[in-house]
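Structural features, examined
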Amino acid sequence: MVYLSSFHLPSQGEDEGFFFGFNPKNMRNIYTSKYPFGMFRYRGLPEDFEFSDITIICGNNGSGKSTILNVIAEKLELKRNSPFNRTDFFGDYVDLCDYTLERSLSPRSCVITSDDVFDRVLDIRRVNDGIDSKREDLLQEWLESNSDTADTTLHGLDDYERWKRVSDARNRKKSQSQFIRSHLVRNIQERSNGESSLSLFVDSITDDALYLLDEPENSLSPSNQLELKYFIEDSVRNHGCQFIISTHSPFLLSLKGARIYDIDSNPVKLCKWTELECVKVYRDFFKDNEEKFSP
């Protein structure tokens, strides 16, 4: 399902023309960076980026693929959680952009960045650290409650909760582990960081919406990158989603039917995933070491 059909970034003339003539911003020394102006000025951008169900913007680190996604997200006013490098000129650059929608955007449409993935892992870790601390407290409480000196007398209503826990812990039918499980919320996540990262996409991506994914392979193992690839393909095929992805992961670049822009080339061009230099690096490496995989 295509929602965003095309997007226009400023041409070389539009980029340069912004600073011609009187511009109050040019008169102020406080502006030390004009980013993203100048970033793509001589890069041979297409007149318009045209999008399919899955469109990938591929380039090396620092090539500007994340910048393109941020500009699109800002122009479309998509939801986002993590901040990005927004300079004083960012809004001016976005104002020069234009786009064409094939159908109205769902309010569920959003941008998901590698920072969101990192924050998700940290949040889960913080919750689990708190649960682990509580688990230690409950263990100590079980030991004290089962000691011969434990106070099993109820001293008024204010003492009810303590008395109830002591009585419960002294119930010989309930083992130490059973006592802890009954008083402790189950650890919300017993997955690896990679599985926690993958769960962010599964939880965030629903039906009939546009999703911008910025380097989603970060923190994902090769097997989980493949899982994400299959999930994205299913979301397009069966759930009416559109994806615009910045990546140099060979697994995600192989997404079925993906329209791929190589922004390392000048001019920027469309190509097959097998033609990309970043994929050829993997191919050549494994080819050079092929004999090491022999039994």
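All of the points below concern the structure found in this document. Here the structure is a predicted model, which is why all the values come from computation and not from measurement. (Residues numbered from 1 in each chain as written. Predicted model: local features only at pLDDT ≥ 70, side-chain atom pairs only at ≥ 80, totals over all residues. Heavy atoms only, no water.)

1. Some words on the overall build of the protein chain
Quick reminder of the rule: Secondary structure elements follow DSSP: runs of H or I of four or more residues count as helices, runs of E of two or more count as strands, with numbering from the N terminus. To sort residues, take the accessible area from a 1.4 Å probe on protein chains only and compare it with the maximum for the residue type: under 20% means buried, over 50% means exposed, and anything in between is partly exposed. Pairs of residues are marked as contacts when any of their non-hydrogen atoms sit within 4.5 Å. Accessible surface is estimated by sampling points in the Shrake-Rupley manner with a 1.4 Å probe; for residues, cover comes only from the protein chains shown.
Regarding its fold elements, the protein chain presents 10 helices and nine strands. By the burial criterion, 43% of the 295 residues in the protein chain qualify as buried. In the protein chain, once contacts between residues fewer than 6 apart in sequence are set aside, the share between residues at least 24 apart is 76%. Carbon and sulfur atoms form 50% of the exposed surface of the protein chain, whose accessible area is close to 16600 Å².

2. Points about the nonpolar core
Our working rule: Nine residue types can take part in a nonpolar core, namely buried Ala, Val, Leu, Ile, Met, Phe, Trp, Tyr and Cys, and a core is a set of them joined through side-chain atoms within 4.5 Å.
Counting residues in hydrophobic clusters, the biggest one holds 31 residues, and the most contacted among them are Leu9, Ile68, Val71, Ile72, Leu210, Leu212 and Ile244. Looking at this core, the elements that each hand over two or more residues are β1 (4-8), α2 (65-76), α3 (90-95) and β6 (210-214). When residues in this core are grouped by element, the largest group, six residues, is from α2. Beyond its immediate stretch of four places on either side in the chain, isoleucine 68 contacts Leu9, Phe40, Phe49, Ile57 and Ile263. If you look at the next biggest cluster of nonpolar residues, it comprises 28 residues, including Ile56, Leu200, Phe243 and Leu253.

3. Regarding the pattern of salt bridges
Just so we agree on the cut-off: Each reported salt bridge corresponds to a side-chain nitrogen of Lys or Arg within 4 Å of a carboxyl oxygen of Asp or Glu.
Scanning all chains against the criterion turns up eight salt bridges. Of the charged contacts in the structure, one is a salt bridge between arginine 103 and glutamate 102, with a shortest N-O distance of 3.9 Å.

4. Quick word on the sheet that holds strand β4 (residues 98-101)
What counts is decided by this rule: By this definition, two strands are paired if DSSP reports at least two bridges between them.
Read across the sheet, three strands follow the order β2-β1-β4 without closing on themselves; strand pairing throughout is antiparallel. Each edge of the open sheet carries a strand with a single partner, namely β2 (49-50) and β4. Of the pairings in the sheet, the one linking β1 to β4 comprises four bridges and is antiparallel in character. Each bridged residue has a counterpart across the sheet, and for phenylalanine 7 the counterpart in β4 is tyrosine 99.

5. Let's talk about the packing of aromatic side chains
Stated precisely, the cut-off is as follows: Any Phe, Tyr or Trp ring, taking Trp's six-membered ring, that has another such ring centre within 6.5 Å forms a pair; planes under 30 degrees apart are called stacked, those over 60 apart edge-to-face, and the others tilted.
Applying the stated criterion across every chain yields a total of 13 aromatic pairs. An angle of 90° between the planes, with centres 5.2 Å apart, marks the rings of phenylalanine 37 and tyrosine 93 as edge-to-face. Separated by 56 residues along the polypeptide, phenylalanine 37 in the loop between α1 (12-17) and β2 and tyrosine 93 in helix α3 bring together distant segments of the chain. Geometrically, the ring pair formed by phenylalanine 49 and tyrosine 261 is edge-to-face, given 4.8 Å between the ring centres and 70° between the ring planes. Here tyrosine 261 lies in strand β8 (residues 259-262) and phenylalanine 49 lies in strand β2, a separation of 212 residues in the sequence. Every member of this aromatic cluster is reached through a ring pair, and the members are Phe18, Phe19, Phe37, Phe89 and Tyr93.

6. What about the pairing of β1?
For β1, a buried count of five out of five residues is recorded, marking the element as mostly surrounded by other parts of the structure. Examined bridge by bridge, β1 and β2 share two bridges and lie antiparallel to one another. Counted as the bridge partner of serine 6 is glutamate 50 from β2.

7. Regarding the side chain of serine 106
Positionally, serine 106 belongs in the loop between β4 and β5 (110-112). Using a relative accessible area of 14% as the deciding quantity, one classes serine 106 as buried. Ignoring anything within four residues of it in the chain, the contact list for serine 106 reads Asp208 and Ala209.

8. Quick look at the environment of phenylalanine 201
Its place among the elements puts phenylalanine 201 in helix α7 (residues 193-204). Relative accessible area serves as the criterion here: at 0%, phenylalanine 201 is assigned to the buried category. As a C-alpha pair, phenylalanine 201 and proline 216 span 15 residues in sequence and 8.7 Å in three-dimensional space. Sequence-distant contacts of phenylalanine 201, that is, excluding residues within four places in its chain, are made with Ile112, Val117, Leu213, Pro216, Leu228 and Phe231.

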